[in-house]
Amino acid sequence: MEKAEHVVTGGIRNSYRKGVTDMKIRALLPPEAIIVRADVQTKEAAIDLLAELHDQVGHLSDKEAYERDVWKREGECVTAIGMGMAVPHAKSDAVKQAGLAAITVPDGIDCRALDGQPTRLLFMIAAPDDGDLHLQILSSLMTLLVEEERRERLVQAATPEAFLAELEAAEA
């Protein structure tokens, strides 16, 4: 079976075999884009902080435009998926490099999750406006986060490095 390597926006390497994508979340999430035990009290503050992290690591060309696109997406469908997680995201012309940012909020915040539970783990996907890269990222992320114990270890991580180590172990 032949395997072809492709480079996707932002230098992300995907391996394609019969249409299956092997997307490594770790390649999208620099340690500087993670805050453990974030001091946020609202969904709005969390989204602002996540967008700021994306901006600081160079994923965005225009933070304000990207945030507007995230809020537009939130208006269409709440991205707090339940189980203590939210994945706000947007496809946007303001994204110059696809990536992730993450925060943990151990006490939880109200993100209007479908199950009514507080949100403790937030990942924000920044994806370019063209294509469906955001869906590939979301699928890979959800595969990693399906286990409750793993989500809890991420929420309890004491440092961004410990957070990344948990993700890397899951991807191994």
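In case you missed it, the structure is sitting above this.
In this text the structure is predicted, and so the values were computed from the model without any measurement.

Q: Can you explain the packing of helix H1 (residues 43-56) against helix H2 (residues 63-76)? Please cite residues and give values.
A: Close contact between H1 and H2 brings their axes to 10 Å; oriented N to C, the two are set at 140°. If you check the angle between H1 and H2, you find them oblique. For the element pair H1 and H2, the recorded crossing hand is right-handed. For the pair formed by H1 and H2, the contact residues are Lys43, Glu44, Ile47, Asp48, Ala51, Glu52, His54 and Asp55 on the first element and Lys63, Tyr66, Glu67, Val70, Trp71 and Glu74 on the second.

Q: How would you sum up the nonpolar core? Please name residues and give values.
A: Core analysis: the largest hydrophobic core is formed by 52 residues, its most contacted members being Leu29, Tyr66, Leu100, Ile103, Phe123 and Phe163. Sorting the residues of this core by element identifies H1, H2, strand E6 (85-86), strand E8 (99-109), strand E9 (119-128), helix H3 (133-144), helix H4 (148-156) and helix H5 (160-171) as the ones contributing at least two each. In terms of residue count, E9 provides more of this core than any other element does, seven residues in total. Leaving out residues up to four positions away in the same chain, Ile103 has contacts with Ile35, Ala38, Val40, Ala46, Leu49, Leu50, Leu53, Arg120, Leu121 and Leu122.

Q: Provide a residue-level description of the pairing of E9, including the pertinent values.
A: With respect to burial, E9 is a largely interior element, nine of its ten residues being buried. Bridge count between E6 and E9: two bridges; the pairing is parallel. Following the sheet pairing, Ala86 is matched in E9 by Leu122. Pairing of strand E7 (residues 89-92) with E9, which is carried by four bridges, proceeds in the parallel orientation.

Q: Help me get a handle on the packing of aromatic side chains, residues and values and all.
A: Under the defined criterion, the tally for this structure stands at one aromatic pair. For the ring pair Phe123 and Phe163, a centre distance of 5.8 Å and an interplane angle of 40° mean the geometry is tilted. Of this pair, Phe123 sits in strand E9 while Phe163 sits in helix H5, placing them 40 residues apart in sequence. The pair formed by Phe123 and Phe163 is uniform in burial state, with each residue classed as buried.

Q: Explain the side chain of His54 residue by residue, including any values.
A: Tracing the chain through its elements places His54 in helix H1. A distance of 2.8 Å separates the side chain of His54 from the side chain of His59, its partner in a polar contact. Residues contacting His54, with those up to four places away along its chain left out, are His59, Leu60, Tyr66, Gly99, Leu100, Ala101, Met124, Ile125 and Ala126.

Q: Describe the packing of H4 against H5, naming the residues involved and giving the relevant values.
A: Helices that pack against each other are described as a pair by the angle of their axes relative to one another and the distance between those axes. The geometry of H4 relative to H5 is characterised by a closest axis approach of 8 Å and an angle of 155° between their N-to-C directions. With respect to H5, the axis of H4 lies roughly antiparallel. Along this stretch, H4 crosses H5, giving a crossing that reads as left-handed. Here Arg150, Arg153 and Leu154 of H4 lie close against H5, whose contacting residues are Phe163, Glu166, Leu167 and Ala170. Looking at side-chain class alone, the contact of H4 with H5 contains four nonpolar, no polar and three charged residues.

Conventions we followed
- Residues numbered from 1 in each chain as written.
- Predicted model: local features only at pLDDT ≥ 70, side-chain atom pairs only at ≥ 80, totals over all residues.
- Heavy atoms only, no water.
- Axes fitted to C-alpha atoms, helices over the stretch in contact; angles between N-to-C directions.
- Helix = DSSP H or I, 4+ residues; strand = E, 2+ residues; numbered from the N terminus.
- Parallel < 35°, antiparallel > 145°, perpendicular 65-115°, else oblique.
- Left-handed = near helix turned anticlockwise from the far one by under 90°.
- Contact = heavy atoms within 4.5 Å.
- Core = buried A, V, L, I, M, F, W, Y, C linked by side-chain atoms within 4.5 Å.
- Buried < 20%, exposed > 50% of the residue type's maximum accessible area, 1.4 Å probe, protein only.
- Pairing = 2+ DSSP bridges.
- Phe/Tyr/Trp six-rings, centres within 6.5 Å; stacked < 30°, edge-to-face > 60°.
- Polar contact = N/O pair within 3.5 Å; in protein donor to acceptor, adjacent residues only side chain to side chain.
- Nonpolar A, V, L, I, M, F, W, Y, C, P; charged D, E, K, R; others polar.

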